[in-house]
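Structural overview for review
Chain by chain, the residues:
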Amino acid sequence: MKLKVERWGIGADAGSFIVRLVAGDIFIRVPLVGQVAWNSLGLFFDRWEVAKHDPVL
């Protein structure tokens with residue numbers, strides 16, 4: 001498990017399970033389910049078939 005504390009937020013990664021909380025943005029990626037992102041532009045959800053090929057920085 002990797003925990004990152006940065007200037008604008010925090011993030012935790014455990015394999016393909018990722019949670020990032022940054023000022024104004026929430027990103028959660030759950031393996032075999034999908035990913036959810038919520039920010040000032042709205043709420044976005046991608047199923048795992050689409051999300052598993054997206055690079056996460």
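Use the structure listed above.
On a predicted model such as this, the values are computed, not experimentally measured, just so you know.

1. Comments concerning the side chain of arginine 29
Assignment of secondary structure puts arginine 29 in strand S4 (residues 25-30). For arginine 29, a relative accessible area of 6% translates into the label buried. A polar atom in the side chain of arginine 29 sits 3.5 Å from the side chain of glutamine 35.

2. Brief notes about the side chain of aspartate 13
Along the polypeptide, aspartate 13 turns up in strand S2 (residues 9-14). According to the relative accessible area criterion, aspartate 13 is buried, its value standing at 14%. Filtering out sequence-adjacent residues up to four positions away, aspartate 13 remains in contact with Met1, Lys2, Ile18 and Arg20.

3. Topic: the pattern of salt bridges
What the rule picks out here adds up to three salt bridges. Between lysine 4 and glutamate 6 there is a salt bridge, with its nearest N and O atoms 3.5 Å apart. Across the salt bridge formed by glutamate 49 and arginine 47, the nearest N and O atoms sit 3.4 Å from each other.

What counts and what doesn't
Residues numbered from 1 in each chain as written. Predicted model: local features only at pLDDT ≥ 70, side-chain atom pairs only at ≥ 80, totals over all residues. Heavy atoms only, no water. Helix = DSSP H or I, 4+ residues; strand = E, 2+ residues; numbered from the N terminus. Buried < 20%, exposed > 50% of the residue type's maximum accessible area, 1.4 Å probe, protein only. Polar contact = N/O pair within 3.5 Å; in protein donor to acceptor, adjacent residues only side chain to side chain. Contact = heavy atoms within 4.5 Å. Salt bridge = Lys/Arg side-chain N within 4 Å of Asp/Glu carboxyl O.

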